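Single-letter residue listing:
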Amino acid sequence: MSRPGQLHLNAFLMGVGHHEAAWRLPESDPRADVDVEHYKNLARIAERGKLDSLFLADGPVLWDQVGRRPSGTLEPTVLLTALAGATERIGLIATASTTYNEPYNLARRFASLDLVSGGRAGWNIVTTAGLDAARNFNLDRLPAHSERYERAAEFVDVSLKLWDSWDDDVVLADKAGGVWGDRDRIYPPAHAGTHFRVAGALNVPRTPQGHPLLVQAGSSANGRNFAARYAEAVFTAHQTLADASEFYDDLKRRTAEHGRDPDHIKILPGIVPLIGGTEAEARELDAELNRLIRAEFALPGLAELLGVDIGELRLDQELPAHLPAEEEIEGAKSRRTLVVNLGRRERLTVREIIARLGGGRGHLTFTGTAEQVADKIESWYDNGAADGFNIMPPVLPSSLARFVDEVVPILQERGRFRTEYTGRTLREHYGLPRPANRNTVVAPAAVALRP
């Protein structure tokens, strides 16, 4: 049965493509990972398709082995500031860690991006798994999973206080009276908590969106609770419709339990679309990319994710019968569970798992024609498994252009996606209200007492 409403589509941009071997194709530029003109081109393609937003992942660590794939990563808020000038309407979402940043600096950075872009900024909130990142910040161990989420919650609370530390009407610009702003409409956070002490107000005015769109990408129990409390969009990974539907229903329920409108959190699973003029053509691209993977480069990362010694993995055998229990894992819990379930369910060898992860690191990979990709997206939407999708092109720019030029028109013809932007801010694209400043909201009881 058809579900009312329209899809939300986000373009997840990563170097020359999400497939780890994309850089080896004749069409690819192996140095495009740090080329701002490459990203401007991608942003314009995504905006041509009227997509809600584009998204940049990030981590404060050198990813993978440099022999494996292009590994340069421009700081995302800096890059998105450049992309703001190259586009007009599309949303701009950057990843930033709550474990390896401070609230004041990060809140200022995202507020600045929202102002520069005219209200198009979003923050993908991550807690950052991995010991290598911890060692870049004076730490000898990775903070525990629960500890990272506790810090993240306080981090976001402080950021919200900072974004609300200016009233919308602070600026008087009274030239005659010589008064630029109203000091009584500044609200210093004066926060003193477990992880942070932040005294003063932000030095950036309240932004067009009130505050940037809050996005989250964790699917563990801690991640779900965090998303239900704060997130306005959720990027998630699922291999099956059943798993995606369970996550969707659970997160909407948790959001309601936090007193929030479940419609105000948009759930966007990732999909890696390998598109061909025919199924055979699409499968040929898939096979070509998988042939170019060097499995030995992927083994260390897979071993770390699984929590085993690399010597326990054999390329042409299935996963070891005994793996550490989930509660023993302090890294990316939900992604690790997804990979283990995938390997067990389909009885994949380690080599086959590496090939499946090579395109989307655990996200759904779908191979077929443009119409089949549109059917898949529509099916998950109609069956209550998604509010839209995080599109992860395997090869850039060609796979993004093909999605925009071939899949989007099908969804538009079916009435499932916009044909023009109707709003200017990212919140408007996602159908979300601009949040009121909590310092100026008058409680209903107080209103009743007024004469």
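## A closer look at the overall build of the protein chain
Here is step 1 of the chain: Counting secondary structure elements, the protein chain contains 15 helices and 13 strands.
Here is step 2 of the chain: Taking 451 residues into account, the globule formula puts the C-alpha radius of gyration at 22 Å, and the protein chain, at 22 Å, falls close to it.
Here is step 3 of the chain: Dimensions of the protein chain, computed from C-alpha atoms along their principal axes, come out at roughly 75 × 50 × 45 Å.
Here is step 4 of the chain: Looking at the protein chain as a whole, 54% of its 451 residues are labelled buried.
Here is step 5 of the chain: Counting contacts in the protein chain only where the partners sit at least 6 residues apart, residues at least 24 apart contribute 77% of the total.
Here is step 6 of the chain: Within the structure as shown, the protein chain displays about 19,700 Å² of accessible surface, and the carbon and sulfur contribution to it stands at 50%.
Here is step 7 of the chain: When the 53 positive and 62 negative side-chain charges of the protein chain are each reduced to one mean point, those points stand 2 Å apart.

## Thoughts on the pattern of salt bridges
Here is step 1 of the chain: Across all of its chains, the model carries 30 salt bridges by this definition.
Here is step 2 of the chain: For the salt bridge of Glu102 with Arg151, the shortest nitrogen-to-oxygen distance reads 3.9 Å. With Glu102 in the loop between strand S3 (91-97) and helix H3 (103-117) and Arg151 in helix H5 (residues 145-163), the pair connects residues that are 49 residues apart, well separated along the chain.
Here is step 3 of the chain: Salt bridges linked by common partners bring Arg224, Glu246, Asp250, Arg253, Arg254 and Glu257 together as one network.

## Description of the packing of aromatic side chains
For any pair of aromatic rings, geometry is given as the distance between the ring centres together with the angle between the planes.
Here is step 1 of the chain: Applying the stated criterion across every chain yields a total of eleven aromatic pairs.
Here is step 2 of the chain: Relative to Phe155, the ring of Trp123 lies with its centre 5.8 Å away and its plane at 55°, an arrangement referred to as tilted. Taken together, the residues span a long stretch of sequence, with Trp123 in strand S4 (residues 121-126) and Phe155 in helix H5 at a distance of 32 residues.
Here is step 3 of the chain: Note on Trp123: relative accessible area 1%, which makes it buried.
Here is step 4 of the chain: Look at Phe155 and you get buried, because its relative accessible area is 0%.
Here is step 5 of the chain: Judged by centre distance (5.4 Å) and plane angle (90°), the rings of Phe155 and Phe196 are edge-to-face. Of this pair, Phe155 sits in helix H5 while Phe196 sits in the loop between strand S7 (191-192) and strand S8 (197-198), and the two are 41 residues apart along the sequence.
Here is step 6 of the chain: Clustering of aromatic rings is evident, with ring pairs tying together Phe110, Trp123, Phe155, Trp163 and Phe196.
Here is step 7 of the chain: Looking at Arg3, its charged tip hangs above the ring of Tyr381, at a distance of 4.0 Å from the centre.

## Describing unusual backbone geometry
Here is step 1 of the chain: Following Leu396, the chain continues to Pro397 via a peptide bond in cis, the omega torsion being 10°.
Here is step 2 of the chain: A positive phi is found at Lys50, a non-glycine position, where the angle reads about 60°.
Here is step 3 of the chain: If you trace the backbone, Lys50 turns up in the loop between helix H1 (36-48) and strand S2 (53-56).
Here is step 4 of the chain: The class of Lys50 is buried, set by a relative accessible area of 18%.
Here is step 5 of the chain: The residue Asn138 is not glycine, and still its phi comes out positive at about 65°.
Here is step 6 of the chain: Take Asn138: its relative accessible area is 78%, and that puts it in the exposed class.

Rules used throughout
Residues numbered from 1 in each chain as written. Predicted model: local features only at pLDDT ≥ 70, side-chain atom pairs only at ≥ 80, totals over all residues. Heavy atoms only, no water. Helix = DSSP H or I, 4+ residues; strand = E, 2+ residues; numbered from the N terminus. Rg over C-alpha atoms; globule rule 2.2 N^0.38 Å. Buried < 20%, exposed > 50% of the residue type's maximum accessible area, 1.4 Å probe, protein only. Contact = heavy atoms within 4.5 Å. Areas by Shrake-Rupley, 256 points an atom, 1.4 Å probe, with all protein chains shown as cover. Lys, Arg positive; Asp, Glu negative; His and termini not counted. Charge placed at Lys NZ, Arg CZ, Asp CG, Glu CD. Salt bridge = Lys/Arg side-chain N within 4 Å of Asp/Glu carboxyl O. Phe/Tyr/Trp six-rings, centres within 6.5 Å; stacked < 30°, edge-to-face > 60°. Lys NZ or Arg CZ within 6 Å of the ring centre and 35° of its normal.

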